[in-house]
Amino acid sequence: MLVLGIESSCDETGAAIVQDGRYLRSNIVASQIEIHNRYGGVVPEVASRQQLSTIIPTLETALDKAGCGWSDIDAIAATYGPGLAGSLLVGLTVGKALALARNLPFIGINHLEAHIYANWLRKDEAAPPDNALAAADWTYQDGDPIFPLICLVISGAHSELALLRDHGQYELLGRTRDDAAGEAFDKVSRILGLGYPGGPAIQQAAQRAEEALLQLKKPVALARSAYRLPRAWLRGTYDFSFSGLKTAMLHLAEGVVNSQQNSGAAGNGEGKQISQYTRMGAQAAQYGAPNVDLLASSFQEAIVDVLAVKTRLAAQEYHVKQVLLAGGVAANLSLRARLEQELLPLRIHLRYPPIDLCTDNAAMIAGAAFFHLCRGEQSGLDLDVHPGLSLPFRK
């Protein structure tokens, strides 16, 4: 089964063709990072207009790269939530129109669920011969994740810990009570003047701090503990909270800037009606705050510490066979390393997608769609966008 997937939930325009929910025939992403970088974050109206201009060329490129024509496509899938309403409308409308024009099955896909199914994708692996696939059980092929499993879904808008007992069976264990991990990365990156997107920028700054310590023949752990930052453990739950950590970082950055102002430096940003995050970022960059890399390293460690420990505790309690990472923050190398360290004594395998499949892409949409279609599920052409959609949790 060849599924054409369309992803347009935020500022990426994606089109991909995936075979049997696992094997990538093509995966094209048109990024808007350079456009939104000047604003320090995604501007919804700009994002949706850019989606309109890139969606058709992206689809054509995906078909060309896969070596497919429309007659080869068996079904079409598109994201219908969560995300920015304007951006979602572009991809969903195009997907429904194509399905109607080609008389193909159509299914709307939950963006969060698709991130989980990125773990089923096999980037550099060719599909087995047709006769082998015909005899295979669609629910499992060698190399697939093994149920039951825990999945940590962490992105710019979501931080959720879920138990998966089988395909489509999600049980919510914990979620963020305020800021998501990715949102905290973006805001703190602005506070430190490190740019957008925040996750990669903070990771690079943390690596610089650790490399500087290595050159001095000092342990890298000193960078991660250079500043004492709060952890909201929320004992007795698997929930997360990162707003206090973000506020602590704001106060620390203000202390750095104020100390440099008091020493005689002149500020150019006072009196302007701009957000406190942008103001602090501009000032930190202006003064070249010497502790920015150490601040970034300590902040990243505080996020990773809570995510990794809570995930390990959940894996222990529910006796799972595997732990999956999903979402944009799953690309963080420090989080991957720490989780592997936490799970190693338990002999629980950690699995995560390649870095380019952690961020928003259409291959994960097509991959998730395959498993829905095999269960006989389809969507009507009256399906509307759902910007606040959550995972379909049920015990």
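Scroll up to find the structure this text is about.
Okay, so let's go over this structure.

Basis of the calculations
Residues numbered from 1 in each chain as written. Predicted model: local features only at pLDDT ≥ 70, side-chain atom pairs only at ≥ 80, totals over all residues. Heavy atoms only, no water. 1 Å grid on protein atoms, 1.4 Å probe; cavity = no way out; pocket = protein on both sides within 12 Å on 5 of 7 lines; lining within 4 Å. Points joined across faces, edges and corners; volume = space filled by probe spheres on them. Helix = DSSP H or I, 4+ residues; strand = E, 2+ residues; numbered from the N terminus. Nonpolar A, V, L, I, M, F, W, Y, C, P; charged D, E, K, R; others polar. Pairing = 2+ DSSP bridges. Axes fitted to C-alpha atoms, helices over the stretch in contact; angles between N-to-C directions. Contact = heavy atoms within 4.5 Å. Buried < 20%, exposed > 50% of the residue type's maximum accessible area, 1.4 Å probe, protein only. Core = buried A, V, L, I, M, F, W, Y, C linked by side-chain atoms within 4.5 Å. Salt bridge = Lys/Arg side-chain N within 4 Å of Asp/Glu carboxyl O. Polar contact = N/O pair within 3.5 Å; in protein donor to acceptor, adjacent residues only side chain to side chain. Parallel < 35°, antiparallel > 145°, perpendicular 65-115°, else oblique. Phe/Tyr/Trp six-rings, centres within 6.5 Å; stacked < 30°, edge-to-face > 60°.

There is about 1,200 Å³ of room inside the largest pocket. What lines the largest pocket is a set of 43 residues, and nearest its centre among them are Ser-155, Gly-156, Asp-186, Tyr-196 and Asp-360. When contributions to the lining of the largest pocket are tallied by element, the ones reaching two or more residues are strand S3 (23-31), helix H4 (111-117), helix H6 (181-191) and helix H7 (198-215). Take the lining of the largest pocket: its biggest share by element is 6 residues, from H6. Partitioned by chemical class, the residues of the lining of the largest pocket number 18 nonpolar, 18 polar and 7 charged.

Our focus in this paragraph is the sheet that holds S3. Sheets are built from strands that pair by backbone hydrogen bonding, the pairs being arranged parallel or antiparallel. The 5 strands lie next to each other as S3-S2-S1-S4-S5, forming an open sheet whose pairing is mixed. Bordering the open sheet on either side are S3 and strand S5 (106-110), each of which pairs with just one other strand. When strand polarity is set aside, the average angle formed by the axes of neighbouring strands in this sheet is 20°. Those strands touched by helix H2 (residues 44-66) are strand S1 (2-7), strand S2 (12-19) and S3, and its axis lies near 25° from that of S2.

Before going further, it helps to examine the environment of Pro-387. Position of Pro-387 among the secondary structure elements: in the segment after helix H14 (363-374). Using a relative accessible area of 37% as the deciding quantity, one classes Pro-387 as partly exposed. Separated by 299 residues in sequence, Pro-387 and Leu-88 place their C-alpha atoms 7.8 Å apart. Ignoring any residue separated from it by four or fewer positions in sequence, one finds Pro-387 in contact with Pro-82, Gly-83, Ala-85 and Leu-88.

On to the nonpolar core, then. Soluble globular proteins tend to pack their nonpolar side chains together in the buried interior. Residues Leu-192, Phe-299, Ile-303 and Leu-307 are the most contacted members of the largest nonpolar core, which totals 48 residues. The set of elements that each furnish at least two residues to this core consists of strand S6 (149-154), strand S7 (159-166), H6, H7, helix H9 (243-262), helix H11 (292-318), strand S9 (322-326) and helix H12 (333-343). Residue contributions to this core peak at 12 residues, all from H11. Leave out the neighbours within four places in its chain, and Ile-303 touches Ala-181, Ala-184, Phe-185, Phe-242 and Leu-245. Of all hydrophobic cores here, the second largest spans 36 residues; its members include Ala-16, Phe-147, Leu-149 and Ala-369.

Attention now goes to the pattern of salt bridges. Summed over all chains, the structure comprises 17 salt bridges. Residue Arg-165 pairs with Glu-171 through a salt bridge whose shortest N-O separation is 3.4 Å. For Glu-171, a relative accessible area of 12% puts it in the buried group. Taking the shortest distance from any N to any O, the salt bridge between Lys-187 and Glu-183 comes out at 2.9 Å. Of this pair, Lys-187 and Glu-183 both sit in helix H6, 4 residues apart, which is roughly one turn of the helix. Linked by salt bridges that have partners in common, Arg-231, Glu-301, Asp-305, Arg-312, Arg-338 and Glu-342 make up one network.

Attention shifts here to the side chain of Thr-176. Looking at the element boundaries, Thr-176 is found in the loop between strand S8 (169-175) and H6. Relative accessible area serves as the criterion here: at 16%, Thr-176 is assigned to the buried category. Among the polar contacts made by the side chain of Thr-176, one reaches the main-chain carbonyl oxygen of Asp-179 at a distance of 2.5 Å. Apart from residues lying up to four places away in sequence, Thr-176 is in contact with Ser-159, Phe-240 and Phe-242.

Strand order in this open sheet of 5 strands is S8-S7-S6-S9-S10, and the pairing throughout is mixed. A strand with exactly one partner marks an edge of an open sheet, and here the two such strands are S8 and strand S10 (349-351). Each adjacent strand pair in this sheet contributes to an overall mean axis angle of 25°, direction not counted. Taken together, the 6 bridges between S7 and S8 define a ladder with antiparallel strand orientation. Its bridge partner being in S8, Leu-163 is matched across the sheet by Glu-171.

The subject of this paragraph is the packing of H6 against H11. When two helices pack together, their arrangement is captured by the angle between the axes and the distance separating the axes. In contact at an axis separation of 11 Å, H6 and H11 are set at 175° when each is read in the N-to-C sense. The angle between the axes of H6 and H11 places the two elements in the roughly antiparallel class. On the side of H6, the interface is formed by Ala-181, Ala-184, Phe-185 and Val-188, while H11 contributes Phe-299, Gln-300, Ile-303 and Leu-307. The residue inventory of the contact of H6 with H11, partitioned by class, reads 7 nonpolar, 1 polar and no charged.

For the rest of this paragraph, the subject is H6. Burial analysis of H6 places 8 of its 11 residues in the buried class, which makes it a mostly covered element. When we look at burial in H6, the residues that qualify are Ala-181, Gly-182, Ala-184, Phe-185, Lys-187, Val-188, Ser-189 and Ile-191.

The next thing to look at is the packing of aromatic side chains. By convention here, two paired aromatic rings are described through the distance between centres and the angle between planes. Counted under the stated rule, the structure contains 8 aromatic pairs. Taking the centre distance of 4.6 Å and the plane angle of 35° together, the rings of Tyr-117 and Trp-120 count as tilted. Comparing Tyr-117 with Trp-120, the two get one shared label, buried. Consider the rings of Phe-240 and Phe-242, whose centres lie 6.2 Å apart with planes at 10°: the pair is stacked.

Among the 6 residues in S6, 6 count as buried, and that is most of the element. Of the two faces of S6, the one carrying Leu-149, Cys-151 and Val-153 and the one carrying Ile-150, Leu-152 and Ile-154 are both buried. Pairing analysis gives 6 bridges linking S6 to S7, with the strands arranged antiparallel. Note that in S7 the partner of Cys-151 across the bridge is Ala-162. Here S6 runs beside S9; their pairing, made up of 5 bridges, is parallel. Its bridge partner being in S9, Val-153 is matched across the sheet by Ala-326.

Worth remembering: the numbers are spatial, not functional.
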